[in-house]
Structure formats: C-alpha cells, structure tokens
Amino acid sequence: MKGISLEYNSDTQLLTLLVQPEDMQTEVTVDDVKTLIEEAHYEALYLSADTLKSTCDKANLYYKTGDVTPVSANIAELRHAEVNFRISDDNLSATVILTAPYGGRMPNATTIRNLAYKARIKRGIGMRHIQKLLDEAECAPPGKVFECVIARGLPPRNGKNSRFIPLVPNALERVLKPQTDDSDKTDLRNLGDIICVKKGVPVLRRTPPTEGRAGFDVRGSVLTPTPGDWLEFKMGKNTEVSREDDNILVSTLSGMPKYRELVMNIDETFICNGVNVGSGHVTYDGAILVNGDVAEKMIVKATKDITINGFVESATIEAGGDIIITEGAMGKVTDNDNGYGCTLIAGGSIHVQHGQGLDIKARENITVGRQMAYSRLHAGGSISVGHLPTPMGNLFACEIACKGKVEAGTLGAISGSTLKVDFSEGLRELEEKQNTIKEMLTQLRENNLRHREKLDLITQRIYHKELADKVAEAKALFNNETALLNWLELKSLELKKRKEDYLQHIRLVANKRLYAGVSAKLNNRNWRSDKEYERCVVSYTDHQWQYDPLV
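Model, not experiment: these values are computed from the prediction.

Reading the values: rules and limits
Residues numbered from 1 in each chain as written. Predicted model: local features only at pLDDT ≥ 70, side-chain atom pairs only at ≥ 80, totals over all residues. Heavy atoms only, no water. Helix = DSSP H or I, 4+ residues; strand = E, 2+ residues; numbered from the N terminus. Buried < 20%, exposed > 50% of the residue type's maximum accessible area, 1.4 Å probe, protein only. Areas by Shrake-Rupley, 256 points an atom, 1.4 Å probe, with all protein chains shown as cover. Lys, Arg positive; Asp, Glu negative; His and termini not counted. Charge placed at Lys NZ, Arg CZ, Asp CG, Glu CD. Pairing = 2+ DSSP bridges. Axes fitted to C-alpha atoms, helices over the stretch in contact; angles between N-to-C directions. pLDDT = per-residue confidence, 0-100. Contact = heavy atoms within 4.5 Å. Expected span 1.5 Å × (residues − 1). Arc of directions from axis to C-beta. Patch = residues over 30% accessible without salt bridge, like charges linked within 9 Å, V, L, I, M, F, W, Y side chains within 5 Å. Salt bridge = Lys/Arg side-chain N within 4 Å of Asp/Glu carboxyl O. Parallel < 35°, antiparallel > 145°, perpendicular 65-115°, else oblique. Left-handed = near helix turned anticlockwise from the far one by under 90°. Nonpolar A, V, L, I, M, F, W, Y, C, P; charged D, E, K, R; others polar. Phe/Tyr/Trp six-rings, centres within 6.5 Å; stacked < 30°, edge-to-face > 60°. Lys NZ or Arg CZ within 6 Å of the ring centre and 35° of its normal.

Looking only at helices and strands, the chain features seven helices and 38 strands. Dimensions of the chain, computed from C-alpha atoms along their principal axes, come out at roughly 130 × 80 × 60 Å. A buried classification covers 40% of the 551 residues belonging to the chain. Accessible surface, the chain: about 31000 Å² in total, of which carbon and sulfur atoms supply 48%. Distance from the positive charge centre (70 side chains) to the negative charge centre (74 side chains) of the chain: 4 Å.

Right under this line is the structure:
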C-alpha cells in the first residue's frame, strides 16, 4: 500500500508505522496495517491496538484535509517472556505465572529458579515442574498465560496424643477372628481360649505422645509442630495403675476384660460348666462364662457379657452387654404368641455360630458364623452372616428389623421361603427427633425475634440507673436463649446429616446369590425379588430401592 511503511529498530526493539499522507491513494485501515505486518513477518511482536487505531485515524484525517505532515508511531514491540510469582497466604506453596513471549526469548529452568530465589522462594522448588511448564509454553501463541505450582512447603505433622492399647482381647473380637494353626490355615472351629484374667495382670498399656515432625514453608522458615498430650487413664471397674509402671493398667480381681470407648473394665465373672436342671437358672451381677451347654427352658441373665462355650437349646439368655455363643442355638416351635422357643436379648452385640427358631434382640450388631433360619431378628446396627470381612453364610426364612446393612453369602432360599427385612424403625426414630427439633426451633425463633426487638427498644431509651441490673439480667437471658437457638440449629443440621447417612448405609448385600422371596422395606417403599440374582446389592437411592450387580 502506497504511503505506508514499517521500520523495525533492533536496538529499541520497537516496530514503527510510517505514513505519508501525500502518497496515500485511499484511507488506511487497521486490517491493512495488520496485513502489512504479517507480510513483513512481524506478527509475533506485541501489537498495541489502541496506538494502531489512533495512528490510522490521524493519517486518514491528514489525507482528507490535504495535510502532508508525515505520521509515525511505535505500534508494536518485541517482548520477552514475563515471569511472576504468587505465594499462598500460608507460605506453603508458590506458583509461577509465565506469559509467552511476543517474538522474544523464553527463559530456561535455571533462570526461573534464580528468579524464584530473588522472590524469596528458597525451599521446595521442583525443577521438573518448571521444565514441564516450559515445554508446554514453547509452542504456545504469544501472550498466553501459564500457571504452575513450582514450590511446595512441608506442613508440620503435629504429635499424636497418648494411645491406649488393650493387652487382652474382648471376647467378641476373639470370636470374630478364628485362630490359625502352625501351617497358617484358618480353623473356623478354633476360636481360641476364653479370656479371663487373674488379679494383677496387665490389661491396658498407655503409649507416650509423639513430638511430631517439623515442616518448612517455601520461604525457608521452619514450622514447629505441636507435640501430643499425655492422656490420663479413664479408670474402669476393678482396674488400677501399676505401681511399677505408670503406663500400665492392671486388674484388681480375676474376671473377664471388656475394653470399650477407651475404658477397660474387669467384670466379675461367674463360671460354670453348663446350665441345666442340676444347676438351675443363673442370674449374676457381672459377666457369666458357661463352659458347656444351656439346656431347654433354662434362663441365664447377667448385667455384663455372657459367653457360652457350647450350645443353647430353647433357653432364654439376657445380657446387659454382649452375648457370645461359640457353637449354636436352636428353639423349638412353641404354642404361645411368640412362636420362638429360644430368646436372646443383649444390650450390646450378639454372636452365634448358627441358629434356628430364635428370637434375637440386640441393641448393636448381630453376627452369625454360618447360617440363620426361621428366626426373628431385631438389631440396632447391622447383621452379617458368615465370617468377616466377606460374609458367605446363609440367611433365609427370617423376619428382620434392623438399622444397618444386612450382608450374607446367600439371601433367601431356592424353595422361595420369604426373607423380610424392615429398615423403617431407624428412619422413624430420626424423623421423630427431626420433627421435635423443628417444632422447638419454630417456637424459639419467634420468641428470640420478639425478644430481640423488645431489647433493642429498651436499649435505645434512657432508663433509670436502678433498672440497669434488670436490663443486664434481661440481656443475659436473651444471650442464653440465642445460644440455645444456635445449638438447636446445629442439632437440626446434624439430624439431617444422620438421616442422609442412614439412607446411604441401609442395604442388602448378597455376596453369592439372592433368591426370589427376599423383600426390603423402608416405610411405604418396598422392594421384592421375583427371581434369582447373582451376587448383588440392593440399596436405597433417590427415594427408591435399586438393584445393582456386584462386580
């Protein structure tokens, strides 16, 4: 285009646009100049759009008015890559911000590292991350911005508090973990010895707290960890701190150990070789250990755990803690309304190797070693039939009410006998608590708003100094009411989360097969299998029961 030329100064690295209005044959446009820049191979330079437009407008004005004054302006320049750094607020990470060059040079990894040092980024720099960033930016268009974390600090690891390690296992843990022989083979019949400790035996050990591990930030400062704390023993029944070692808890009598919620108790234990008409019913304030069978129509009651190293037939077993039956239990059909001849009631968990004709009520979990049939089960937790961690036992022809997962190898039977599982009780309890909290919140919110308005009105007025104490008392009562309201709000959110967790947790899991006749219920939502399925899980999702195969 006549009257327009470009001139590049290698010293200043600027591209200058020169316009001679007297030589122009038509008005110049921005696109015309850009085309000229591309033809001259200066398109990689940084172009100032505003300067270019104003220069073209000025040249066109001179062309129209006949002014022959030459027009020139620096419209583009060569720019090397720009490198900036951003350090996080906690100084634990540093990010490099790299802008691709406009015809200029790209720095190497060593240069970026040196620039980071000048920016007081001294530790945790990763050359591999810098090189990866440069590789990505090598072929990028001019002006493209890249960000990459190139340095990371090491946060301190705070020390751990004292830990408490039980030196003797709970009876239920022992039963759920069958013993291995010398050849490392598991013997499902060998459940180990029943644990009863003598007086003066160590039962719980306290480990010292750890100091933690120091860290550092990208600026090179050392981050000091917080050491752990010494925790005191939560003294349980019939235990004391050893006189020889302050970190050891010993028993003060012979009995059965029970470790729960960081508390070790030694329960007074009644030991007998069987319960029958010869021994009579057994009721004991403590734990009971039966090294034998419990005969028909016998009653065994204890305020703590009951461990029966034998078989239970049509008897009543009631414990304030766990019930552990190392062999099996069976109940004959009765003529009364109950219909089950053997009753097991526990304030904790219940474990039985196999069962039939049982009426089981456990506040916590129910575990069965091999098979459960023709029984009624009520659990405050989960139910599993088979040895953990993957139960492969059989569960069929039962009525179940529980608040957790039901898992077995086989659910139902090929004969089509019904297996009913009802998860409604746990949801009803949570909904009742939610409704109660909701009613309290509604009333308390109204009262709190009304009291706030009244209190604001009082504080805005001038009142006699003799009333100051009563106003202060009113403010204190209002603050207590507000604190209660906030607590109820948090409780409402907690119950909502517990309800969501409950709905996610309840399910039927068949690790081998699920037969027709198995049903799951949650209030008015029901699911029933009408055919045989391979290993699968039935869960409650999006307000409905859903079947999914297990992979």
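Time to look at the sheet that holds strand S35 (residues 518–522). Pairing is mixed in the open sheet, where 10 strands are placed in the order S17-S19-S22-S24-S26-S28-S31-S33-S35-S36. Of all the strands in the sheet, just strand S17 (282–284) and strand S36 (525–528) have a single pairing partner and so form its edges. Along the sheet, successive strands turn relative to each other by an average axial angle of 5 degrees, direction set aside.

What follows concerns the confidence of the model for the chain. Predicted confidence across the chain gives a mean pLDDT of 90, with 95% of residues reaching 70 or more. Contacts of residues 186–194 to residues separated by more than four positions or lying in other chains number 23 contacts, the stretch itself having pLDDT below 50.

With 17 residues, helix H2 (residues 49–65) ought to run about 24 Å at 1.5 Å a step, and its terminal C-alpha atoms sit 24 Å apart, in line with that. Listed as buried for H2 are Leu52, Thr55, Cys56, Ala59, Asn60 and Tyr62. Buried residues in H2, looked at end-on, bunch into an arc of 160 degrees, giving them a common side. In H2, those exposed residues whose orientation departs by more than 90 degrees from the buried face are Asp50, Lys64 and Thr65. With its phi angle positive at about 80 degrees, Gly66 sits one or two positions after the end of H2.

Judged by side-chain charge, Arg157, Lys160, Arg163 and Arg205 come together as a positively charged surface patch. The residue Arg163 is located in the loop between strand S7 (145–152) and strand S8 (164–166) in this model.

Let us now look at a nonpolar patch on the surface. On the surface, a nonpolar cluster with roughly 250 Å² of combined accessible area is contributed by Ile458, Tyr463 and Leu467. The residue Leu467 is located in the loop between helix H6 (424–460) and helix H7 (468–505) in this model. Among the residues examined, Leu467 registers a relative accessible area of 41% and is labelled partly exposed.

Right, let's talk about the sheet that holds strand S3 (residues 46–47) for a bit. Pairing is antiparallel in the open sheet, where four strands are placed in the order S1-S2-S4-S3. In this open sheet, the two edge strands, each paired with only one partner strand, are strand S1 (4–9) and S3. The strands touched by helix H1 (residues 30–39) are S1, strand S2 (14–19), S3 and strand S4 (71–77); relative to S1, the strand with the most contacts, the crossing angle is about 50 degrees. On the sheet, H2 packs against S2, S3 and S4 and is oriented at approximately 160 degrees with respect to S4.

On to the pairing of strand S27 (residues 366–373), then. Among the eight residues that make up S27, six are buried, leaving the element largely enclosed by the rest of the structure. Taken together, the six bridges between strand S25 (residues 350–356) and S27 define a ladder with parallel strand orientation. Looking across to S27, one finds that Ile350 is bridged to Ile366. Of the strand pairs in this sheet, S27 and strand S29 (residues 383–385) are connected by three bridges, and their pairing is parallel.

Turning next to the packing of helix H3 (residues 109–118) against helix H4 (residues 127–137). A pair of packed helices is captured by two measures, namely the crossing angle of their axes and the spacing between those axes. Closest axis-to-axis distance for the H3/H4 pair is 9 Å, and the angle between their directions is 120 degrees. Overall, the two elements H3 and H4 adopt an arrangement that is oblique. H3 and H4 meet at a crossing whose hand is right-handed. Of H4, the residues touching H3 (which contributes Ala109, Thr110, Ile112 and Arg113) are Met127, Ile130, Gln131 and Leu134. The class makeup of the residues in the contact of H3 with H4 is five nonpolar, two polar and one charged.

Summed over the entire model, instances satisfying the criterion amount to nine aromatic pairs. Measuring from centroid to centroid gives 4.9 Å for Tyr46 and Tyr102, while their planes differ by 75 degrees, and the two rings are edge-to-face. Linking Tyr46 in strand S3 with Tyr102 in the loop between strand S6 (93–99) and H3, this pair joins segments that are 56 residues apart in sequence. For Tyr102, a relative accessible area of 18% gives the class buried. Pairwise contacts between aromatic rings join Phe423, Tyr540 and Trp545 into one cluster. Here the basic side chain of Arg123 rests over the ring of Phe216, its NZ or CZ set 3.7 Å away from the ring centre.

Take the environment of Leu477 next. You can see Leu477 is positioned in helix H7. Given the relative accessible area of 55%, Leu477 is considered exposed. When the C-alpha atoms of Leu477 and Thr69 are compared, they prove to be 85 Å apart, with 408 residues separating the residues in sequence.

Counting through the fold element by element, His354 comes out in strand S25. In this structure His354 comes out as partly exposed when scored by relative accessible area, which is 25%. Measuring from C-alpha to C-alpha, the distance between His354 and Ser242 comes to 41 Å, with 112 residues separating the pair along the chain. Leave out the neighbours within four places in its chain, and His354 touches Phe311, Glu327, Gly328, Ala329, Val368, Arg370 and Gln371.

As defined by bridge partners, strand S32 (residues 406–411) adjoins strand S34 (residues 507–514) across five bridges and the pair is classed as parallel. Directly across from Glu407, in S34, lies its bridge partner Val509. Direction of pairing for S34 relative to strand S37 (residues 533–541): antiparallel, over a ladder of six bridges. Its bridge partner lying in S37, Ala510 is registered against Cys536.

With that settled, consider the packing of H6 against H7. Where H6 meets H7, the closest approach of the two axes is 8 Å, and the angle between their N-to-C directions is 155 degrees. When the interaxial angle is binned, H6 and H7 end up roughly antiparallel. The hand of the H6/H7 crossing is left-handed. Across the contact of H6 with H7, the residue classes tally to 17 nonpolar, eight polar and 11 charged.

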